[in-house]
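Here's the letter readout for the chains.
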There are 2 protein chains.
Amino acid sequence: MILLHNARYLVTCDPHDTVLENSSLVIHDTKIIDLGPAKEIKNRYPQAQLIDLTDQLVMPGLINLHTHLPMTLLRGVAEGVDLQGFLELVWAEEARIMDVEGTYIGARLGALESILSGTTTALDMYFHPAHNHRGAVEVGLRHVTGPVFFSFPGPDNLTWDQRMDLARAWPQTLSEIGGPYVPPALTPHCPLTVKPEHLRQIGELAIEQGAIITVHTSENIPENDDTIAAHGERPTHLLDVTGILDLKPVLAHGVHLNEAERLLIAAKGGCVAHCPGSNLKLASGAADLVQYREDGITVGLGSDGSSTSNDLDMFAVMRLAANLARLVRSDPAAITSTQIVRSATIDGATALGMADRIGSLEVGKEADVISLALNQPHLVPVHDPFTTIVYSAGRADVRHVFVAGEQVVANRMPTKVGPEEIMSAALGHVQGQNL
Amino acid sequence: MILLHNARYLVTCDPHDTVLENSSLVIHDTKIIDLGPAKEIKNRYPQAQLIDLTDQLVMPGLINLHTHLPMTLLRGVAEGVDLQGFLELVWAEEARIMDVEGTYIGARLGALESILSGTTTALDMYFHPAHNHRGAVEVGLRHVTGPVFFSFPGPDNLTWDQRMDLARAWPQTLSEIGGPYVPPALTPHCPLTVKPEHLRQIGELAIEQGAIITVHTSENIPENDDTIAAHGERPTHLLDVTGILDLKPVLAHGVHLNEAERLLIAAKGGCVAHCPGSNLKLASGAADLVQYREDGITVGLGSDGSSTSNDLDMFAVMRLAANLARLVRSDPAAITSTQIVRSATIDGATALGMADRIGSLEVGKEADVISLALNQPHLVPVHDPFTTIVYSAGRADVRHVFVAGEQVVANRMPTKVGPEEIMSAALGHVQGQNL
């Protein structure tokens, strides 16, 4: 039993956005079993292992709703290009270094960066999913992933039938690898690169498995145009007619959705992973986060892969999402810091179908918890903890991280893996392969 | 003599954007006296105090071209408001807590945050300039500031004549306070709040003193409209007819400048302090950095005060400026990372009229130098050091900071002041005054 003692703020992200001051939280096994005033809690659990969080802010772990962790090995490779230029450049590099070994090594590096920066859950799309998953789980991340689908051989050189075999076996693979609970996921690349009849097969399998689906959708205008040219329809329509949209998929990016599409997505319970850092860097455009919320779409936040956004910093994503919403709406009150923090926590959990397990600090939920050190010059004074989180705090303020009750970061150091070993394996793989 | 030994990258920001690998830099007194390959330099200066920077990146200190350091005490006070709403709210708070004591305490907090995040020079506008300057200099910042001007009594309750007296004595005040070399500055608030005849007096005094001028200009559209309503002309025209524009002023923000204004500013050698974080947060708009550069305007970067941008993080400003330029131009190649780093270093120095002294790592320049620790998961691998600086690095990666040859940050800790004392004085002042 672990007692997180006397946090200056306990930002719960519960339905009332409750913030407790000078309060504590108790973890038993994988779960949060109590929270309340520091003194009361201390008296109630005299046997618990106490971690003193005086001068720290405690909040739910961040949920990165769209990323490609192994591509951390390709950080900084593609500069000054749009999505299509990026894909051309990166797919060539992937064919060279992103074998099963590179995938595993990159997943570990990406997962390590994630937990150190306060991300406890990531929805991840990449080749060689078992190697990816094993790498991320070893670091301690709650890692939602599954087989990726193209209707042609990708860098992983699989036939369609091989992809489907991998997918059918995925729940079994997940249970063999172990780690914090995650649902199985199926990750078709996008409606341009996966034929409608293949999307339909993925949808049928998802129902069978109870899997969640994530798919790139309308990231930029050429993607929409190319999809119409290839398949006669826009991406969202293809997802609709193939049954995918009925399965509440997480649509990655969703920058260029028209009104009819947005209303359809909302009606069917689809979600959007808003990735402003990647969208601006590739000049894909600016999704109108506030409009999507008004339409009734659940919107979480994502970093995308480090090959486009150059890091996995969800604090930077929160701040950019907040600023971008103000610019897009020409309104300084377009969105509150509280709403942004919810997007990066409980709304992401809702998008993953996991809002009953993670995304807030409530009794009975799994303990995915982070703490931030507040006694630093750039965090003084605090007027509102949500605004501090979004506009002043950063990844380096993260001190402790728990995933499913296990402490995976203690005083900024990972507990399950050695950072030097992971970084040198990454550099060795990149350099050895002469990238 | 200090030898910064064996940096993995030495990013000089010299006219050729030279990057040296495995190289060293030698500081004697206030200046850089040599740089070159690590082994050669080590043999050449056997007596120097050696600081090992293996696995670090060394670059010029960042130049924050627009801020209000003492307003760090007001961090997070104004949320969900535009510029006019902000001013209303903040001026009331200022009248309550920003006395000379609050100014001094706030300046120390803001300067401490600045140096810890790699900023070595700031152009700062605030009341009670001697108290502000003394606070910032004690922390070790190169702090360019001077009297602020309104044509009416501000929170400091001075008459026009008192402001001019303060300004006439300013060079003497600077030399009494001491610290790293800075030119005197005169900081009229904006052409709306300072009458044309007063602007003219400021210009005349600036010529007499060799002072640099900074002034808020066209931050948002209501400011332009209000200026026309009050004085019959747009802000840039008022700066032109009063002679200010001939003095190559640093125009803070400059978000809403029309083409004629931009060309006039360029022709006269005026500069813009681009503050995208503050501009987006207040929904003031998005300045077109690339256009300004094409017009021939020198553009540096600023954080603005923590009362609007919520922190003084110039790494966040660089990244946002790079992303925003791509969005505004719908072009992923709108601006390179190299150009962004130059904006935050040598271009800022040019705007301050100090390009012969600071802004790059070259023999004969003053040693304003920072180092970043590269052996961290979010900075692996490095493909291009400029891209790493803009898109992956952050304030917390800063390890060592030198200003005019003096080490003001060593291993992330300030050397001249105690952070706990500064933070508790700040909290005490804010709370004691019942903000």
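Caption draft 1: Representation of the state of the cysteines within the structure. Scanning the model with the defined rule gives zero disulfides over all chains in all. With no disulfide of its own, A:Cys271 lies closest to A:Cys275 among cysteine sulfurs, the gap being 13 Å. B:Cys13 takes part in no disulfide bond, and the closest cysteine sulfur, belonging to B:Cys271, lies 17 Å away. With relative accessibility at 1%, the residue B:Cys13 sits in the buried group.

Caption draft 2: Highlighting the environment of A:Asp311. Mapped onto the fold, A:Asp311 is located in the loop between β14 (298–301) and α13 (314–329). For A:Asp311, a relative accessible area of 2% corresponds to the buried category. In this structure, the C-alpha to C-alpha distance between A:Asp311 and A:Thr72, residues 239 residues apart in sequence, is 7.7 Å. Each residue touching A:Asp311, except ones within four places of it in the same chain, is listed here: A:Arg75, A:Glu113, A:Ser303, A:Ser306, A:Arg395, B:Arg319, B:Tyr391 and B:Ser392.

Caption draft 3: Inspection of the interface of chain A and chain B at higher detail. Each partner contributes to the interface: chain A provides 56 residues, whereas chain B provides 56 residues. The contact between chain A and chain B buries some 4300 Å² in all, and 64% of this surface belongs to carbon and sulfur atoms. Among the residues of chain A in contact with chain B, A:Arg75, A:Pro377 and A:His383 are the three that bury the most area, contributing 14% of the side total. Note that B:Asp311 and A:Arg319 form a salt bridge whose closest N and O atoms lie 2.8 Å from each other. One can count 20 residue pairs in polar contact (both at pLDDT 80 or more) joining chain A with chain B. Elements with a contribution of two residues or more to the side of chain A that touches chain B: α3 (100–116), α11 (276–281), α13, α16 (385–392) and α17 (419–432) of chain A.

Caption draft 4: Layout of the sheet that holds strand β8 (residues 142–144) of chain A. Residue and element names in this part refer to chain A. Taken in spatial order, the three strands line up as β6-β7-β8 in an open sheet, and their pairing is parallel. Each end of this open sheet is capped by a strand with a single partner; those strands are β6 (62–67) and β8. Averaged over all neighbouring strand pairs, the angle between strand axes comes to 15 degrees, with direction disregarded.

Caption draft 5: How the structure looks around the pattern of salt bridges. Under the criterion given, the structure shown has 56 salt bridges over all chains. Across the salt bridge formed by A:Asp17 and A:Arg342, the nearest N and O atoms sit 2.6 Å from each other. Of this pair, A:Asp17 sits in the loop between β1 (2–11) and β2 (19–28) while A:Arg342 sits in helix α14 (residues 337–343), placing them 325 residues apart in sequence. What makes A:Asp17 partly exposed here is its relative accessible area of 24%. The salt bridge partner of A:Lys268 is A:Asp240, with a shortest N-O separation of 2.8 Å. Pair noted here: A:Lys268 is in helix α10 (residues 259–268) and A:Asp240 is in helix α9 (residues 235–241), with a separation of 28 residues, a long-range link. Salt bridges here are not isolated pairs; linked through shared partners, they connect A:Asp311, A:Asp313, A:Arg395, B:Arg319 and B:Asp397.

Caption draft 6: Highlighting the packing of helix α3 (residues 100–116) of chain B against helix α4 (residues 129–139) of chain B. Residue and element names in this part refer to chain B. With their axes 7 Å apart at the nearest point, α3 and α4 run at an angle of 35 degrees to one another. Considering only the axes of α3 and α4, their crossing is right-handed. The residues of α4 that touch α3, namely those facing Val100, Thr103, Tyr104, Ala107, Arg108, Ala111, Leu112 and Ile115, are His131, Asn132, Arg134, Gly135, Ala136, Glu138 and Val139. Among the residues making up the contact of α3 with α4, the classes are represented as eight nonpolar, four polar and three charged.

Caption draft 7: Quick peek at the nonpolar core. In terms of nonpolar packing, the biggest core is built from 97 residues, with A:Met59, A:Leu186, A:Phe315, A:Met318, A:Ile340, A:Leu372 and A:Ile389 touching the most fellow members. With seven residues, the top contributor of residues to this core is α13(A). For this core, the two domains that each supply at least three residues are domain 1 (2–60 + 361–414) and domain 2 (62–351) of chain A. Leaving out residues up to four positions away in the same chain, A:Phe315 has contacts with A:Leu62, A:Ser117, A:Ile370, A:Leu372, A:Ile389, A:Ala393, A:Gly394, A:Arg395 and A:Val398. Grouped together as the second largest cluster of nonpolar side chains are 96 residues, B:Tyr9, B:Ala344, B:Ala393 and B:Ala426 included.

So, how was this worked out
- Within each chain, residues carry numbers counting from 1 in the order of the written sequence.
- Whichever chain is written first becomes A and whichever ligand is written first becomes 1, with later ones labelled in order.
- Only residues with pLDDT of at least 70 get local features here, since the model is predicted, and only at 80 or more are side-chain atom pairs given and counted; chain-wide, interface and lining totals rely on the full set of residues.
- Here the side-chain values reflect all heavy atoms present in the structure, with hydrogen atoms and water set aside.
- Only a pair of cysteine sulfur atoms within 2.5 Å qualifies as a disulfide here.
- When a residue's accessible area, from a 1.4 Å probe over protein chains only, is under 20% of the maximum for its type it is buried; when over 50% it is exposed; and in between it is partly exposed.
- Comment: elements are numbered from the N terminus, with helices defined as DSSP H or I runs of at least four residues and strands as E runs of at least two.
- Any two residues whose heavy atoms approach within 4.5 Å at even a single point are treated as in contact.
- Using a 1.4 Å probe, buried area is obtained as the accessible area two parts lose upon being combined, added over both of them.
- When a carboxyl oxygen of Asp or Glu is within 4 Å of a side-chain nitrogen of Lys or Arg, the pair counts as a salt bridge.
- Each polar contact in these results corresponds to two N or O atoms within 3.5 Å; when the atoms are within protein, one needs to be able to donate a hydrogen and the other to accept it, and residues that are neighboring in sequence are counted only if both atoms are side-chain atoms.
- Pairing between two strands requires that DSSP report at least two bridges joining them.
- Only the stretch in contact is used when a helix axis is fitted, and all axes are lines through C-alpha atoms; the angle between N-to-C directions ranges over 0 to 180 degrees.
- For any pair of crossing helices, the crossing counts as left-handed if the nearer helix is rotated counterclockwise from the farther one by less than a right angle, and right-handed if it is rotated clockwise.
- When residue character is reported, Ala, Val, Leu, Ile, Met, Phe, Trp, Tyr, Cys and Pro are called nonpolar, Asp, Glu, Lys and Arg charged, and the others, Gly included, polar.
- What we call a nonpolar core is a set of buried Ala, Val, Leu, Ile, Met, Phe, Trp, Tyr and Cys residues that are connected through their side-chain atoms within 4.5 Å.
- Segment limits for the domains were obtained from an automatic or database-derived domain assignment.

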